[in-house]
Amino acid sequence: MSDGSIDLKAEARAKAYAMPLEDINLADTEMWRTDTAWPYFERLRSEDPVHLHPAHHHPDGAFWSITRYTDIMAVDTNHEVFSSEPSITIFDPKEDFKLPMFIAMDPPKHDVQRKIVSPIVSPANLHLMEPLIRSRIQSTLDSLPIGEPFDWVDKVSIELTTQMLATLFDFPWEDRRKLTRWSDIATAGPESGLFVTDDHETERRMELFACVDYFTRLWNERVNAPPKGDLISMLAHGEATRNMDRMEYLGNLLLLIVGGNDTTRNTMTGSILAMNENPDQLRKLQANPDLIPSMVSETIRWQTPLSNMRRTATRDFELGGKLIKKGDKVLIWYASGNRDETAIENPNAYIIDRERPRNHLSFGFGIHRCVGNRLAELQLKILWEEILPRFPEIRIVEGPHRVASVLIRGYSSMQVVIPVRT
Amino acid sequence: MAKITYVEHNGTKHVVDVKPGLSVMEGAVKNNIPGIDADCGGACACATCHVYVDEAWRDKTGERSTMEVSMLDFAEGVKPNSRLACQIKVSDALDGLIVQMPESQH
């Protein structure tokens, strides 16, 4: 694409290898907006795979970066030493705005809360939802303009994942874009352009309070009715969740909203980008649609919609010859592990029929592994099953524009043209 | 070599010889037997190599580890004879082992 990205990438590579290791700052949101973290990861994996960033690299202080596949796996599966409390992002919880959520809890509380909501993505439930997901994808694709540019992020990725989320919550249909907004607001940084004033933290809290107020009305409806299969009813009737206070309700809502929305949304957009950058892979898929499940896994690896998770050491622990101290903040970079040449052959290439496409880190491993992974795969699979017979080409004409976030590897917009419909 | 029978959820049987030292999961993956995903590659970290061990073989396949118990806790359709195939090491003592796969790995 002629957006200067090649120059930007060459420049980042030269810079990544010229600067002293201690100056590499993976928490720099600009690096994520411009998608230039890759050479820095490559250098850290080979020269300092367990790397300590100094305190001035992030407002919330020093942190470790774990960049090799096997080390990431070792941390992710050792939940006794590497706790998910008090936060699973680089940001520490704000003393006056703590949002408990089960992804950021350790056993036993994590386990019981997770089990309240996990039946919504059981194999039986996915089977029931499949026809609905397919019909919505069909009508969304059928409504797209032919021969004129439109924003794929808004018209397809956001629309489909928001519809899905509204169904999971049994959320009022006409208000469903509120879910998108709350998802964006929950993770937005000052650079996002989503805030009107400089006091973005106050703005964020105001909107999130409006979110929990809205959902409290739904809770009150559901708690007074017999239990049914939506997430709010499950939380309102669940033994481990029915006594949550307002902030814990909000915390778990945001977990479900962001987890069920941002990740799949950005992978849907990523799949179009990957095919534009790798037209040979699109031709391979068109010639053999049986490759769709494998392509979905490869896209999830290639996109890595959440670039890292944060853990906090509960005791001193030696990893890769370095001493991680009790209380230290540790970022496990799934984005880097998914490009680790010692674990994945030719990792920078997008290969839809690679040998073991499911062996990626994007869903995490261990007890916090993504609870909605099968639903995400199902939506992406159906999306491509319905794209292939309709559109021989979906051409990117402008963008994509990426979000400036250390956590979310995502897109704010991407203009495409569909030249013809089959 | 140990002869292992993998039974798919639909009843299809696959009988293969597996080298001692490999895991029951690796035996399935190396022989392209469907029904075992093994997303984590054998790290006891994803529960996508869930199998049911035939009753006659439960003692010989040993006990679940603490991590295995945790991972199975979040899997679907878990029964008393559920195991993660990556945590069962093949030996001559397991010659004749029979395992069944669940409807889907979840």
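For the structure itself, consult the block above.
Worth saying up front: this structure is predicted, and the values here are computed from it rather than measured. (Residues numbered from 1 in each chain as written. Chains lettered and ligands numbered in written order. Predicted model: local features only at pLDDT ≥ 70, side-chain atom pairs only at ≥ 80, totals over all residues. Heavy atoms only, no water.)

Peer 1: Looking at this model, I keep getting lost on the overall build of chain B. Mind explaining?
Peer 2: Across its full length, chain B carries two helices and five strands. When the helices and strands of chain B are read in sequence order from the N terminus, they spell out β-β-α-β-α-β-β. For 106 residues, the compact-globule estimate of 2.2 N^0.38 gives 13 Å, and the C-alpha radius of gyration of chain B, at 12 Å, lies within 12% of that figure. A principal-axis box enclosing the C-alpha atoms of chain B has dimensions of 30 × 25 × 25 Å. For chain B, the proportion of its 106 residues judged to be buried stands at 49%. Sequence-distant contacts, at least 24 apart, represent 63% of the contacts inside chain B between residues at least 6 apart. Summed over its atoms, the accessible surface of chain B is roughly 4900 Å², and 46% of this surface lies on carbon and sulfur atoms. Treating the 10 positive side-chain charges of chain B as one cloud and the 15 negative ones as another, the clouds have centres 5 Å apart. (Helix = DSSP H or I, 4+ residues; strand = E, 2+ residues; numbered from the N terminus. Rg over C-alpha atoms; globule rule 2.2 N^0.38 Å. Buried < 20%, exposed > 50% of the residue type's maximum accessible area, 1.4 Å probe, protein only. Contact = heavy atoms within 4.5 Å. Areas by Shrake-Rupley, 256 points an atom, 1.4 Å probe, with all protein chains shown as cover. Lys, Arg positive; Asp, Glu negative; His and termini not counted. Charge placed at Lys NZ, Arg CZ, Asp CG, Glu CD.)

Peer 1: Quick question: what am I supposed to make of the interface of chain A and chain B here?
Peer 2: Many descriptions give the size of an interface as the accessible area lost when the pieces come together. On the chain B side, the residues contacting the 19 residues of chain A number 19 residues. At the boundary of chain A with chain B, the tally comes to four salt bridges. In this structure, B:Asp73 and A:Lys115 form a salt bridge, with 2.8 Å as the shortest nitrogen-oxygen distance. Counting residues per element, the ones that place at least two in the side of chain A that touches chain B are helix H5 (109–117) and helix H6 (123–142) of chain A. By residue number, the principal contributor to the side of chain A that touches chain B is H5(A), which donates four residues. (Salt bridge = Lys/Arg side-chain N within 4 Å of Asp/Glu carboxyl O.)

Peer 1: What am I meant to see in the sheet that holds strand S4 (residues 150–151) of chain A here?
Peer 2: Strands in a sheet are paired, the pairing made by backbone hydrogen bonds, and the direction either parallel or antiparallel. Residues and elements named next belong to chain A. Taking strand neighbours across the sheet as the criterion, the three strands line up as S4-S10-S9 in an open arrangement whose pairing is antiparallel. Either end of the sheet is taken by a strand with one partner, and the two such strands are S4 and strand S9 (395–402). Here S9 pairs with strand S10 (residues 411–417) via five bridges, running antiparallel. From the neighbouring strand, Ile 396 faces S10, where its bridge partner is Val 416. (Pairing = 2+ DSSP bridges.)

Peer 1: Teacher, can you tell me more about the pairing of strand S2 (residues 63–66) of chain A here?
Peer 2: All names here are of chain A. Residues Phe 63 and Ser 65 line one face of S2 and the alternating positions Trp 64 and Ile 66 line the opposite face, and both faces are buried. Here four bridges tie strand S1 (residues 50–53) to S2, and the two strands are oriented antiparallel to one another. When the bridges of S2 are listed, Val 50 appears paired with Ile 66.

Peer 1: How should helix H7 (residues 152–169) of chain A be read in this particular structure?
Peer 2: Every α-helical turn comprises 3.6 residues, leaving residues that sit three or four positions apart pointing alike. Residue and element names in this part refer to chain A. Taking 1.5 Å of rise per residue, the 18 residues of H7 would be expected to cover 26 Å, and the 24 Å separating its terminal C-alpha atoms lies within 8% of that figure. At Ile 158, H7 shows its largest kink, close to 35°. Counted residue by residue, H7 has 15 buried out of 18 residues, so it is predominantly covered. Put simply, Asp 151 is the residue that caps the front of H7, since its side-chain oxygen is 3.1 Å from the backbone nitrogen of Val 153. (Expected span 1.5 Å × (residues − 1). Bend = angle between axes of the 7 residues up to and from the residue. Polar contact = N/O pair within 3.5 Å; in protein donor to acceptor, adjacent residues only side chain to side chain.)

Peer 1: Any chance you could explain the sheet that holds strand S3 (residues 82–83) of chain A here in plain terms?
Peer 2: Residues and elements named next belong to chain A. Taken together, five strands build an open sheet; the order of strands is S1-S2-S8-S5-S3 and the sheet is mixed. Strands with a single pairing partner mark the edges of an open sheet, and in this sheet they are S1 and S3. Here helix H4 (residues 69–76) sits on the sheet in contact with S1, S2, S3, strand S5 (309–313) and strand S8 (329–332), set at roughly 125° to S8. (Axes fitted to C-alpha atoms, helices over the stretch in contact; angles between N-to-C directions.)

Peer 1: How should I be thinking about the environment of B:Ala43 in this particular structure?
Peer 2: Structurally, B:Ala43 is set in the loop between helix H1 (24–30) and strand S3 (50–53). Sequence separation between B:Ala43 and B:Val69 is 26 residues; the distance between their C-alpha atoms is 13 Å. Filtering out sequence-adjacent residues up to four positions away, B:Ala43 remains in contact with A:Met73 and B:Gln87.

Peer 1: Could you clarify how one ought to interpret the packing of aromatic side chains in this entry?
Peer 2: According to the stated counting rule, one finds 15 aromatic pairs over all chains in the structure shown. Judged by centre distance (5.8 Å) and plane angle (65°), the rings of A:Trp182 and A:Tyr214 are edge-to-face. Pair noted here: A:Trp182 is in helix H8 (residues 177–187) and A:Tyr214 is in helix H9 (residues 200–223), with a separation of 32 residues, a long-range link. Of the aromatic side chains, those joined through ring pairs into one cluster are A:Phe169, A:Phe171, A:Trp182, A:Tyr214 and A:Phe215. In this structure, B:Lys79 packs its charged tip against the face of B:Tyr52, placed 4.3 Å from the ring centre. (Phe/Tyr/Trp six-rings, centres within 6.5 Å; stacked < 30°, edge-to-face > 60°. Lys NZ or Arg CZ within 6 Å of the ring centre and 35° of its normal.)

Peer 1: What is the right way to read the pattern of salt bridges from this model?
Peer 2: Two side chains with opposite charge may pair up if their charged atoms get near one another. All names here are of chain A. A complete count under the given rule lists 47 salt bridges over all chains for this structure. When the shortest N-O distance is used, the salt bridge between Glu 239 and Arg 242 registers 3.7 Å. The exposed category is assigned to Glu 239, whose relative accessible area is 61%. On the accessibility criterion, Arg 242 (41% relative accessible area) is partly exposed. Taken together, the shared-partner salt bridges connect Glu 130, Arg 134, Asp 142, Lys 381, Glu 385, Glu 386, Arg 390 and Arg 421 into one network.

Peer 1: Help me understand the nonpolar core in this model?
Peer 2: Note on soluble globular proteins: their nonpolar side chains tend to be buried together. Counting 112 residues, the largest nonpolar core has A:Trp152, A:Phe169, A:Phe215 and A:Trp384 as the members making the most contacts within it. Here the element with the most residues in this core is H7(A); it accounts for 10 residues. In this structure, A:Trp384 is in contact with A:Ser271, A:Ile272, A:Met275, A:Leu282, A:Leu285, A:Ile292 and A:Met295, ignoring residues within four places of it in sequence. Core analysis: the next-biggest nonpolar cluster, separate from the first, contains 32 residues, B:Ile33, B:Cys49, B:Val51 and B:Met71 among them. (Core = buried A, V, L, I, M, F, W, Y, C linked by side-chain atoms within 4.5 Å.)

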